[in-house]
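An overview of the molecular structure
Chain residues, written in single-letter form:
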Amino acid sequence: RGNYLSITNCIISGAGSQTDHLIQGCSDTGMVIRNCILSGGTDGVYLSANGANAYSMIVEKNHFFNIAYDMLSLNLCYNAIINNNTFDGTSTFTIRGIMLQYCYETQIFDNIITLLNVPLNSCGIQIISSNGIMSNHSKVFNNLISVTAAPFNNIAYALRCSSTKN
């Protein structure tokens, strides 16, 4: 756990084992992942506040590709900004581009998400139990999302929201 950690201008790749996160962390405030190339591995970036609430996480200008399950997963975050990233799931069986759970007042914009031949119930963006407030809604805007289910699976989602308000 810590505050104000920045990961910038890095190339990070993984081997793809079942427990492989390219970046996994618990940050309270101000974590920034910017201008990185992230490839390989089972999961790309998994950030969780681990019981507390993380504030003002920024994930921007990154290129995620060749990641098997979740490219970016945030849990228990306030005011996260996810913008200007490329999520390329054209060469793997990626399940989700972006996954948010219990994240509040989050902004997701100007991203390109491409998932090809994905397994059943895959999502470009999945948002679960994440709320905004009336004066500061969570926002998803100006994203290009393309999701194509594998031939034997005919259910996939570009954007999937559940138990979410505002």
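Below is a summary of the structure that appears in this document. Quick caveat, the model's predicted, so the values are computed rather than measured.

Here the structure, examined in full by the defined rule, presents 2 salt bridges. With a closest N to O distance of 2.8 Å, Asp70 and Arg96 form a salt bridge. Of this pair, Asp70 sits in strand β10 (residues 70–75) while Arg96 sits in strand β14 (residues 96–101); the two residues are 26 residues apart in sequence, bridging distant segments of the chain. For Asp70, a relative accessible area of 10% corresponds to the buried category.

Further remarks concern unusual backbone geometry. Not every positive phi belongs to a glycine, and Leu76 is a case in point at roughly 60°. Structurally, Leu76 is set in the loop between β10 and β11 (77–78). According to the relative accessible area criterion, Leu76 is partly exposed, its value standing at 21%. Although it is not a glycine, Asp110 adopts a positive phi angle of roughly 55°. One can find Asp110 in the loop between β15 (107–109) and β16 (112–118). Exposure remark for Asp110: the relative accessible area of 37% places this residue in the partly exposed category.

Summed over all chains, the structure comprises 0 disulfides. In this structure Cys10 is a free cysteine whose sulfur lies 4.6 Å from that of Cys36, the closest cysteine sulfur available. Note on Cys10: relative accessible area 28%, which makes it partly exposed. No disulfide involves Cys77; its sulfur sits 4.0 Å from the nearest other cysteine sulfur, which is in Cys103.

Time to look at the sheet that holds strand β12 (residues 81–83). The strands that make up a sheet are held in pairs by hydrogen bonds between backbone atoms, and each pair lies either parallel or antiparallel. Pairing is parallel across the open sheet formed by 6 strands, whose spatial order is β1-β4-β8-β12-β15-β18. Both outer strands of the open sheet, β1 (6–8) and β18 (139–141), are each paired with one neighbouring strand and no more. The average angle at which neighbouring strand axes cross in this sheet is 5°, direction not considered. In this structure, β15 lies alongside β18, joined through 3 bridges in parallel fashion. Looking at β18, one finds that Gln107 is bridged to Lys139.

Moving on, we come to the nonpolar core. Ranked by internal contacts, the top residues of the largest apolar core, which has 30 residues, are Ile23, Phe64, Leu72, Leu74 and Ile98. Apart from the residues within four sequence positions on either side, Leu74 is in contact with Leu47, Met57, Ala80, Ile82, Met99, Leu100, Gln101 and Cys103.

Next up on the list: the sheet that holds strand β3 (residues 21–25). Strands sit in the order β3-β6-β10-β14-β17-β20 across an open sheet of 6 strands; the sheet is parallel. Edge positions in the sheet fall to β3 and β20 (156–162), since each has one partner strand and no second. When the angles between neighbouring strand axes are averaged without regard to direction, this sheet yields 5°. Sheet topology places strand β6 (residues 43–48) next to β10; 4 bridges connect them, and they run parallel. What sits directly across from Tyr46, in β10, is Ser73.

Thresholds, definitions, all that
Residues numbered from 1 in each chain as written. Predicted model: local features only at pLDDT ≥ 70, side-chain atom pairs only at ≥ 80, totals over all residues. Heavy atoms only, no water. Salt bridge = Lys/Arg side-chain N within 4 Å of Asp/Glu carboxyl O. Helix = DSSP H or I, 4+ residues; strand = E, 2+ residues; numbered from the N terminus. Buried < 20%, exposed > 50% of the residue type's maximum accessible area, 1.4 Å probe, protein only. Disulfide = S-S within 2.5 Å. Pairing = 2+ DSSP bridges. Axes fitted to C-alpha atoms, helices over the stretch in contact; angles between N-to-C directions. Core = buried A, V, L, I, M, F, W, Y, C linked by side-chain atoms within 4.5 Å. Contact = heavy atoms within 4.5 Å.

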